[in-house]
Amino acid sequence: MAKQRLLYVSPEIAPYLPATEISRLGKSLPTAMHSKKYEVRTFMPDFGNVNERRNQLHEVIRLSGLNVCINDTDHPLIVKVASLQPSRIQVYFIDNDDYFQKLDSDVDAVGSNREDNDERIIFFSRTTAETARKLQWEPAVMQVSGWIGSLVPLYVKKRFSDSESFTNTKIIYSLLDEAPIAPLDTEMLRKMEEDGINPKDLEAFRNIPVDITMLHKIGISNADAVVFNNHTPDPELLEYAKSANLPVLILNPEEDNADKYHEFYQSLLA
């Protein structure tokens, strides 16, 4: 029997970024699932703090070159890859000089305080979905974590709904304990429409604040299941997921949850 495929989209993965609760999870969970005989691949942004020479990143020419037009400006995609040691899991890095270079004004490794986070989210989510489609490597489960990839489920389910790469994929949206992000541009939904998202798919979000809660709701509403891997799940988002009749897994991030994830994946695939 062929191995089941898992695709992780993570905001941070150790050792590419400094060790934090989130980056350690970004490494430990794929590694644990690899040890359980899943076939695993991962995606993350190529933030400016990533040491490309030390971690042996190299560009994947066949996956690079896409131009994404956001707010009337073209932003070229560069895709790089490295092997996560010692498991040798492939890590794909989504890069663009406009959005992921390190800035002196950044307060953390991911630039959570940037004014253009709305465009960074659109670019990362769109190009991650596009690159995963181009790989022609259909995952049984795609688990997306964090605000930087919050639109990935939307792009997979709506923008690329006709792609054979995701025909049978179950999407899990996972919430983490992340640092607060700067206020988002109120024109974010318009920019998403200009990038090919059908206005009908955004109708439910037009009369709510354009903020982190909206992003999580978009992620949840386009997922097949939700994981709350944070110390105190947001009651509003927990109720939102339950009201959508989605399977919900609530975890303590301080525990080793590998077996619980495995059981959750299998319940979705049964």
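We now turn to the structure provided with this report. As the structure is a prediction and not an experimental result, all values here were calculated from the model.

### Digging into the packing of helix H5 (residues 212–221) against helix H6 (residues 235–243)
For step 1, the next point in the chain: At a minimum axis separation of 10 Å, H5 and H6 run at an interaxial angle of 20°. It follows from the interaxial angle that H5 and H6 lie roughly parallel. Considering only the axes of H5 and H6, their crossing is right-handed. Along the contact surface, H5 presents Thr213, His216, Lys217, Ile220 and Ser221, while H6 presents Glu236, Leu237, Tyr240 and Ala241.

### Here's the deal with the sheet that holds strand S3 (residues 58–59)
For step 1, the next point in the chain: Strand order in the open sheet made by the nine strands is S3-S6-S7-S2-S1-S8-S9-S10-S11, with mixed pairing throughout. Edge positions in the sheet fall to S3 and strand S11 (248–250), since each of these pairs with one other strand and no more.

### Looking at the pairing of strand S8 (residues 141–145)
For step 1, the next point in the chain: Taking burial as the measure, the five residues of S8 include five buried ones, the bulk of the element.
For step 2, the next point in the chain: Along S8, one buried face is formed by Val141, Gln143 and Ser145 and the opposite face, lined by Met142 and Val144, is buried too.
For step 3, the next point in the chain: Across four bridges, strand S1 (residues 5–9) lies against S8 in parallel orientation. From the neighbouring strand, Val9 faces S8, where its bridge partner is Val144.
For step 4, the next point in the chain: Direction of pairing for S8 relative to strand S9 (residues 170–175): parallel, over a ladder of five bridges. Residue pairing in the sheet places Val144 in a bridge with Tyr173 of S9.
For step 5, the next point in the chain: With helix H3 (residues 152–159) bridging S8 and its parallel neighbour S9, the resulting β-α-β unit is right-handed.

Parameters and conventions
Sequence positions are assigned chain by chain, starting from 1 and proceeding in written order. The predicted nature of this model means local features are confined to residues of pLDDT at least 70 and side-chain atom pairs, given and counted, to a pLDDT of 80 or more, with totals for whole chains, interfaces and linings taken over all residues. Excluded from the side-chain calculation are hydrogens and water; included are all heavy atoms of the structure. To obtain an axis, a line is fitted to C-alpha atoms, over the contacting stretch when the element is a helix, and the angle between two such axes runs from 0 to 180 degrees between their N-to-C directions. Here a strand is any run of E in DSSP of at least two residues, a helix any run of H or I of at least four, and the numbering for each starts at the N terminus. Should an angle fall under 35 degrees it is called roughly parallel, over 145 degrees roughly antiparallel, and 65 to 115 degrees roughly perpendicular, with every other angle called oblique. By the definition used in this description, the sense in which the near helix is turned from the far one sets the handedness, with an anticlockwise turn below a right angle giving left-handed and a clockwise turn giving right-handed. By the convention used here, residues are in contact when the closest approach between their heavy atoms is within 4.5 Å. Any two strands with at least two DSSP bridges between them are considered paired. Working definition: with a 1.4 Å probe on protein chains only, accessible area under 20% of the residue-type maximum means buried, over 50% means exposed, and in between means partly exposed. A crossover counts as right-handed when, viewed with the strands pointing away from the observer, the path leading from the first strand over the helix to the second turns clockwise.

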